[in-house]
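Examining the three-dimensional arrangement
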Amino acid sequence: MPQYITDIDVSVNEAEQHQLRKHGFTQVHVNLNPEGKGNTIYLWYKTSDCPAITRIQFSFTDKMKEGLVTEGYHKVDKNLNTGNSGSPIYLWFYKGSSQYDVPIVELDLSTDAEADATKVQPLWERLPCDLNRRAGGNWIYLWVKRETQTYICDINATLNSSSDANLFRQGYIRMDEDTNRDAGGAYVFLWYRQTTDSQKAIKDLQVSTDQESKESYENQNYEKVEINLNEGTLGTPVYLYYKKNECSKDPIKMITLILDPTAVLPYINAGVEVVEKNLNEGNSGFREYLCFN
């Protein structure tokens, strides 16, 4: 029988490590609080042939939790930044059975730009929430491996949490990093859905940061995501465009966000398409780039 990830937990001290090991959990051997900044924190998981975890989300604001609670996501009630001044990050998971849900079979963590880029392989996808968010030190990202190859078939964006529950219900995965991070505007999140059918996949993604590029993509029959990724800031309007009927390009398997400037070149060298247009163009927020494989 296939073995799936069926439970996830977090330890924030040695006593909890002992208990989780005693109950059959496997430790991911990466301290989520490196360099002595707070508690020693580890991610743990169990595998079995029971119904699999198919989606993993993170929250670092109260608003991000609302849709997750409504749709029955399970919260691991341990702050991944326990003991430091970083964002209070919580992990949530869901066991779905829709056409957009594919079992997760393995977890891994990357802690530097080079290791991050080398994880870009078939079946793997990178969740864009930095698990060390605002704590300083390494950028830490969770990678999940699925049972079969998935492709990005739909993409969306939100300005607030009012439609979160509906999107979760429709099988979307939220990209848990604000495209307006530190820019002073609205919380803007990108979302995507997956399919195992490559014929339904998105083939190309582009970003417009000026009127000329906006008109160019529209003239090339790209579809526009109707949310300004720079909403509420003094920066340039930024829009995401996508195309499915692009014969010259392969179906997109993974999308994520890069905020670590040292990761851009390793990603490009690993064959990843980095759209080198800042999602915070024209403001003082984080430089963010969309990338896809």
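Owing to the predicted nature of the structure, the values given are computational and were not obtained by experimental measurement.

**Digging into the packing of aromatic side chains**
Under the counting rule described, the total for this entry stands at eight aromatic pairs. Where Tyr217 meets Tyr241, the ring centres are 5.5 Å apart and the plane angle is 45°; that geometry is what we call tilted. On the criterion of sequence distance, the pair formed by Tyr217 in helix α5 (residues 211-219) and Tyr241 in strand β15 (residues 239-243) is long-range, its members being 24 residues apart. A cation sits over an aromatic face here: Arg174 above Phe189, 5.7 Å from the ring centre. Directly above the ring of Tyr239 sits Lys224, whose terminal nitrogen or CZ lies 4.0 Å from the centroid.

**What to know about empty space enclosed by the protein**
Tallied over the full model, the rule gives two cavities of 30 Å³ or more. Volume-wise, the largest cavity comes out at about 60 Å³. Lining the largest cavity are Ser110, Asp112, Ala113, Asp116, Arg126, Trp139, Tyr141, Ile258, Leu259, Asp260, Ala263 and Tyr267. Taken together, the residues that form the lining of the largest cavity break down as seven nonpolar, one polar and four charged. Considering the residues around the second largest cavity, the lining is formed by Ile56, Gln57, Phe58, Leu127, Pro128, Cys129, Ile173, Arg174 and Asp176. At three residues, the largest contribution of residues to the lining of the second largest cavity is made by strand β4 (residues 55-59). Tallied by class, the residues present in the lining of the second largest cavity amount to six nonpolar, one polar and two charged.

**What to know about the layout of surface pockets**
Computed from the structure, the largest pocket encloses a volume of approximately 170 Å³. Taken together, Lys203, Lys249, Asp250, Pro251, Ile252, Lys253, Gly271, Glu273, Phe292 and Asn293 form the lining of the largest pocket. In terms of residue class, the lining of the largest pocket is made up of three nonpolar, two polar and five charged.

**Examining unusual backbone geometry**
For Asp182, which is not glycine, the phi dihedral falls at a positive 65°. Take Asp182: it is sitting in the loop between β11 (173-174) and β12 (189-195). Of note, Asn221 is a non-glycine position whose phi angle comes to about 65°, a positive value. As for its position among the elements, Asn221 is in the loop between α5 and β14 (223-224). Here Asn221 falls in the exposed class, since its relative accessible area comes to 57%.

**Some remarks on helix α1 (residues 14-22)**
The backbone nitrogen of Ala15 has a side-chain oxygen 3.2 Å away, supplied by the residue at the start of α1, namely Asn13. Residue Gly24 follows α1 closely and has a positive phi angle near 85°.

**Thoughts on the sheet that holds strand β10 (residues 151-158)**
Read from one edge to the other, the open sheet built from three strands follows the order β10-β12-β11, with strand pairing classed as antiparallel. Of all strands in the sheet, those with a lone pairing partner are β10 and β11, marking the two edges. Bridging between β10 and β12 involves seven bridges; their strand directions are antiparallel. Bridge pairing in β12 links Tyr151 to Thr195.

**Side note on the pairing of strand β9 (residues 141-146)**
Of all the six residues making up β9, five are buried; the element is thus mostly covered by neighbouring parts of the structure. Bridge analysis of strand β7 (residues 104-110) against β9 gives six bridges, and the strand direction is antiparallel. Following the sheet pairing, Asp108 is matched in β9 by Trp143. As judged from the three bridges shared by strand β8 (residues 124-126) and β9, these two strands associate in the antiparallel manner. Looking across to β9, one finds that Arg126 is bridged to Trp143.

Scoring rules and cut-offs
Residues numbered from 1 in each chain as written. Predicted model: local features only at pLDDT ≥ 70, side-chain atom pairs only at ≥ 80, totals over all residues. Heavy atoms only, no water. Phe/Tyr/Trp six-rings, centres within 6.5 Å; stacked < 30°, edge-to-face > 60°. Helix = DSSP H or I, 4+ residues; strand = E, 2+ residues; numbered from the N terminus. Lys NZ or Arg CZ within 6 Å of the ring centre and 35° of its normal. 1 Å grid on protein atoms, 1.4 Å probe; cavity = no way out; pocket = protein on both sides within 12 Å on 5 of 7 lines; lining within 4 Å. Points joined across faces, edges and corners; volume = space filled by probe spheres on them. Nonpolar A, V, L, I, M, F, W, Y, C, P; charged D, E, K, R; others polar. Buried < 20%, exposed > 50% of the residue type's maximum accessible area, 1.4 Å probe, protein only. Polar contact = N/O pair within 3.5 Å; in protein donor to acceptor, adjacent residues only side chain to side chain. Pairing = 2+ DSSP bridges.

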